[in-house]
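# An overview of the molecular structure
Here are the chains, one letter per residue:
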Amino acid sequence: MAAPIIALIDDDDVFQLTSSRMLRAINPELNINQFANGAEALTFFSENINNPDLLPDIILLDINMPYVDGWMFLQDFEKMKVNLAKQPTIYMVSSSIDPTDINKAKENEQVEDYLIKPITKAKFEVLVNHQ
Amino acid sequence: MRQKPRLSLKISRNESSLVESIENSGMGFWQWIVGSDVIEWSDQVYKLYDVKPKEFDCRYESYLKLIHPQDRNKISKTIENAFTKGKNYTIQHRLKLKNGKIKWIEGVGNIIKNTKGKVTKIAGIVRDITSEKKIESDRANWKNRFDLIAKSAGVVLYDYQIKSGKIQWSGESIETLGYTHKEMGNVDAWEKRIHPEDREQAIALLDKAMENVSRYDVSYRFKNKVGKYIHLHDRGFFLAGEDGKAQTMLGMMNDISDRLEAEGKFQKLISELTIGVLVYDANGKVIVTNNKAQEILNYHPFGLVGLALENKLMKEDGTRYQEKDLILQFSTRSKSKKKDIIVGIEHEQQKVKWIILQSQPLTDKQGKVNQLVVTLTDITENKKYQTDLIESEKRFRSLQEASFGGIGMHDKGIIIDCNQGLCEITGYSYNELIGMNGLNLIAEEYRSFVLERIVSGYEKPYDTEGIKKDGTRYFLEIRGKNTPYKGKEIRVTEFRDITERKKSEQKISEQNARLIAIAEDLKLKNDQLEEFTQIVSHNLRSPVGNIITLLEFIENSVTEAEKSEYLNLLKVSAEKIQSTLTELHEVLRIKQNTNIEKTNLSFFETLAATKLLLHTQIVQSNTIIEADFSACETIFYPKVYLDSIMLNLISNAIKYSKKNVPPIIRIKTEKKNGVCIMTCSDNGLGIDLEKNGQKLFKLHKTFHEHPESRGIGLFMIKNQIEAMGGSIKAESKVNNGTTFIVNFNEYNPT
């Protein structure tokens, strides 16, 4: 089986860099797609809606982003999802420990789990291997 | 001219008498002896074939030429068969006569053999069957014509052979039922499509007609092609077979749904009427009635025929009607209408129902009365009400005296009676009040308001202000009601002094307002707290998380290059924390520092300074700024804040302008209820407020893919404005520009 494709949707450059490196260390074959905000990701998905080879298996979605944030991404993604050639597992990733954010994420059926930053390599390993 | 002998046939004597009788019945006889080259014909054959004996050589080939060309082949084959296989035959064929007419002939050929079994000759008979053929074709034509009529009348025809269960359908089955004749199917298919509720009864009726071999006439609901039930009228007759039992069922059906619906509607209309209806026909029989009539008369209306109900009816004065009064009976003698006759009818226990009766005879074209329509309206309750009213008038006096409030009765404003209470409230004496215009008891500015309610007959209580004889005003609750009084429609008005109630009401509403203000303030504070939680959660915790991760990376770095890369990133994260902390500090300062020094500032001058700061952007983008501060030229406000508000609003308007459309910014002030409001509108990209409205003024929120979006400006000025007791809101539509409305003193009116 080919290594999973992971979409990192986060405006934080440092998080993007550290996460990608940890993921690659776990599995050098991993295909990592980086998006600076929800809009960029949505555009990419809609352009490749019929192409399972380019669509992610796992989405790591930040809440707080400029322009289209995590919540808005989920709203638009829900409409797009039915036509998507691949159904990814979505993890919300945020530094927020505010129960409002955590509950909101857990109530959303599209979200598999809510992960609090910083994310350790061990946690990433579980995510990737769970897939 | 050679006369051929009548019987030039080589036949025996026995045969000759037979041939004679054949000839006499109009048929022809012929024979062809084996070995001969001619066919022998009797005279009649010549006649039938329309040839003269001297003109015809009687050869087989010549004979074939007389046959209609289309039948020739058939004939020659049949005769050849007869010779070669010894087969007798009967055949029908056409002749084409000299005059061009067609004649139908039936020919019979018999093979005759000798005692040794050898074929010696063929002999046969021919006869003219043209007229029979015509009947046959007429019958086919008749069927076609009948179908045509059936179609134009929308009728479905059928011919049901009872033994086989087969039905031959014709007529308009598609138009009427949606099925083709084939789809209509046999008797089972028909039965299945009858509505289950109607099936049993319809079949029973038909079975009875079948048993009696008689006519039938039934109607039932039938499922059409699209599954909808339509009402079919089905009638016809059974025909007996030789055994005297029904063998064939012939009939037709058509759709009567429309007719039934119309009839049903009429019946329903009548049955739902709240007045009783009776319609008599010329025989005095009730043909239409409804439940109400039955209820009023306490009789089954169909039992009314010939009943002299008149002696059960009484006049309003209690005397009885006579039979000859013909109140409730049909009479051809009386053409006059009866209008508004009040009659009483005794029900059980000597209870009397009072009825208003109207009757209307209907005449036919000859002017003869043929129907009578009677309507009955139950007025028992009304009658009771009238009696009650007389009593209540008596009670009124005593009641109004006992009332705590003031009661006045007025006729179009002029007081005709009042109680002591009204005198006490208004300060006038009874004698002063009688004859006075009641409106004079109302404070002048409320008189038209009160008059409006008198004229419209308003019956609910309402508040107004009264004026006493000594000129003092008081809060007054009025409740008026129109009532019949001594034969007139007058208005009874109750006055209630509600000064005390008003005072406490006012106190409550003041306290309410204060509570609302406190609640608003609390909400604002709560919102701000939530905002801080968000800032700490996202903007501070995020770089801290990065630092933790990076430190781990550094610990595990092998090369110096790696280490230095992570150190650089550490620096970036630390700087981010620092800048957020600075912003937070700034906001906290604003929130705490509500006593910041205020001065009188000119909007115009502030705008001029802002324009100077934004000079480059304004020139580059061709921005046009239209300002109108005439309604409110100055404001007592912290200078730094007003500068910041103006700068942020205008720079935002320029930053988020549409591509290739020069920004037009309209900025103006106005004064509402002593509060200064500034609005700033642009023609830019606009914001989807439904999506982003909640985040508009939050820290680090941006809504456009703009490189310079940092999401700080609106957050900061909102804090500044709110710290000064004001508010800011936005109105916008995507691609339709944005308007920011700054209310400088919303919660702190000066």
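Residues numbered from 1 in each chain as written. Chains lettered and ligands numbered in written order. Predicted model: local features only at pLDDT ≥ 70, side-chain atom pairs only at ≥ 80, totals over all residues. Heavy atoms only, no water.

## With respect to unusual backbone geometry
Residue Pro 118 of chain A is reached from Lys 117 of chain A by a cis peptide bond, and omega for that bond is 0°. Following the sequence through the fold, Pro 118 of chain A ends up in the loop between β5 (111-116) and α5 (121-130). Of note, the phi angle at Val 213 of chain B is positive, near 45°, even though the residue is not glycine. Relative to the assigned elements, Val 213 of chain B resides in the loop between α9 (196-211) and β8 (215-223). One non-glycine residue, Asn 622 of chain B, lies in the positive phi region at around 60°. Locating Asn 622 of chain B in the fold gives a position in the loop between α19 (615-621) and β23 (624-628). (Helix = DSSP H or I, 4+ residues; strand = E, 2+ residues; numbered from the N terminus.)

## Brief notes about the sheet that holds strand β6 (residues 156-161) of chain B
Residue and element names in this part refer to chain B. Reading across the sheet, the 5 strands line up as β7-β6-β10-β9-β8 and stay open at both edges, with antiparallel pairing between neighbours. The open sheet terminates on both sides in strands that have one partner only, identified here as β7 (166-171) and β8. Each neighbouring strand pair of the sheet contributes to a mean axis angle of 25°, computed without reference to strand direction. The pairing of strand β9 (residues 229-240) with strand β10 (residues 246-255) spans 9 bridges and is classified as antiparallel. Residue pairing for β10: Arg 235 is matched across the bridge by Met 252. Its contacts with the sheet put α9 on β8, β9 and β10, and the angle it makes with β8 is roughly 160°. (Pairing = 2+ DSSP bridges. Axes fitted to C-alpha atoms, helices over the stretch in contact; angles between N-to-C directions. Contact = heavy atoms within 4.5 Å.)

## Quick word on the sheet that holds strand β20 (residues 473-485) of chain B
Within a sheet, each strand pairs with its neighbour through backbone hydrogen bonds, oriented either parallel or antiparallel. All names here are of chain B. The sheet built from 5 strands is open, its strands ordered β18-β17-β21-β20-β19 with antiparallel pairing. Unpaired on one side and paired on the other, β18 (414-418) and β19 (462-467) mark the two borders of the sheet. Neighbour-to-neighbour, the strand axes of this sheet turn through a mean angle of 40°, independent of strand direction. Two elements, strand β17 (residues 406-411) and β18, share 4 bridges in a ladder whose sense is antiparallel. Among the inter-strand pairings, His 410 is bridged to a residue of β18, identified as Ile 415. Packing of helix α15 (residues 447-456) onto the sheet brings it into contact with β17, β19, β20 and β21 (488-497), and relative to β19 it is tilted by some 130°. Packing against the sheet, helix α16 (residues 499-556) makes contact with β19, β20 and β21, and its axis sits at approximately 125° to β20.

## Considerations on the interface of chain B and chain A
In this complex, chain B contributes 27 residues to the contact, which on the side of chain A involves 24 residues. Summed over both partners, the interface of chain B with chain A buries about 2300 Å², with 50% contributed by carbon and sulfur atoms. Here chain B and chain A share 1 salt bridge between them. Across the pair Arg 21 of chain A and Glu 565 of chain B runs a salt bridge whose closest N-O atoms are separated by 2.8 Å. Along the contact surface separating chain B from chain A lie 6 residue pairs in polar contact (both at pLDDT 80 or more). (Buried area = accessible area lost by both parts, 1.4 Å probe. Salt bridge = Lys/Arg side-chain N within 4 Å of Asp/Glu carboxyl O. Polar contact = N/O pair within 3.5 Å; in protein donor to acceptor, adjacent residues only side chain to side chain.)

## Points about helix α3 (residues 70-81) of chain A
Residue and element names in this part refer to chain A. Its 12 residues give α3 an end-to-end C-alpha distance of 15 Å, which sits within 8% of 16 Å, the value for a rise of 1.5 Å per residue. Within α3 the residues assigned to the buried category are Gly 70, Trp 71, Met 72, Phe 73, Leu 74, Phe 77 and Met 80. For α3, the side-chain oxygen to backbone nitrogen distance between the N-cap and Trp 71 is 3.1 Å, and the N-cap itself is Asp 69. (Expected span 1.5 Å × (residues − 1). Buried < 20%, exposed > 50% of the residue type's maximum accessible area, 1.4 Å probe, protein only.)

## Observations regarding the pairing of strand β5 (residues 119-128) of chain B
All names here are of chain B. Two strands pair when backbone bridges link them, and strand β1 (residues 28-33) and β5 are joined in this way by 6 bridges, in the antiparallel orientation. Looking at the pairing, Gly 28 lines up with Val 126 of β5. Note that strand β4 (residues 102-113) and β5 share 9 bridges and pair antiparallel. The residue of β5 that forms the bridge with Gly 107 is Val 126. Once β4 ends, the chain turns through 5 residues before running back antiparallel as β5, passing Gly 117 with a positive phi of about 85°.

## So, the pattern of salt bridges
Residues and elements named next belong to chain B. As enumerated under the stated definition, the model contains 27 salt bridges over all chains in all. Arg 127 is paired through a salt bridge with Glu 106; the nearest N and O atoms lie 3.1 Å apart. With a gap of 21 residues between them, Arg 127 in strand β5 and Glu 106 in strand β4 connect regions that are remote in the sequence. A cluster of three or more residues bridged by salt bridges with shared partners is formed by Asp 463, Glu 477, Arg 501, Lys 502 and Glu 505.

## Description of the packing of helix α1 (residues 13-26) of chain A against helix α17 (residues 560-592) of chain B
Axis separation between α1 of chain A and α17 of chain B bottoms out at 10 Å; the angle between their running directions is 145°. For the crossing formed where α1 of chain A meets α17 of chain B, the hand is left-handed. Where α1 of chain A abuts α17 of chain B, its residues Val 14, Leu 17 and Arg 21 of chain A lie against Glu 565, Tyr 566, Leu 569, Val 572 and Ser 573 of chain B. Per-class residue counts for the contact of α1 of chain A with α17 of chain B are 5 nonpolar, 1 polar and 2 charged. (Left-handed = near helix turned anticlockwise from the far one by under 90°. Nonpolar A, V, L, I, M, F, W, Y, C, P; charged D, E, K, R; others polar.)

## Some remarks on the nonpolar core
Leu 60 of chain A together with Phe 603, Tyr 637, Ile 645, Leu 649, Met 678 and Phe 744 of chain B are the most contacted members of the largest nonpolar core, which totals 71 residues. Ranked by the residues each element gives to this core, the list is headed by helix α20 (residues 639-655) of chain B, at 8 residues. Membership of the second largest hydrophobic core comes to 27 residues, among which are Tyr 60, Tyr 63, Ile 67 and Ile 79 of chain B. (Core = buried A, V, L, I, M, F, W, Y, C linked by side-chain atoms within 4.5 Å.)

## Regarding the pairing of β20 of chain B
Residue and element names in this part refer to chain B. Relative to β20, β19 is paired through 6 bridges, and the arrangement is antiparallel. By the bridge assignment, Gly 466 is partnered in β20 with Tyr 474. Two successive antiparallel strands, β19 and β20, enclose a turn made up of 5 residues, where Gly 471 displays a positive phi of approximately 90°. Where β20 lies against β21, 10 bridges are found, and the strand directions are antiparallel. Bridging from a neighbouring strand, Arg 479 pairs with Glu 494 of β21.

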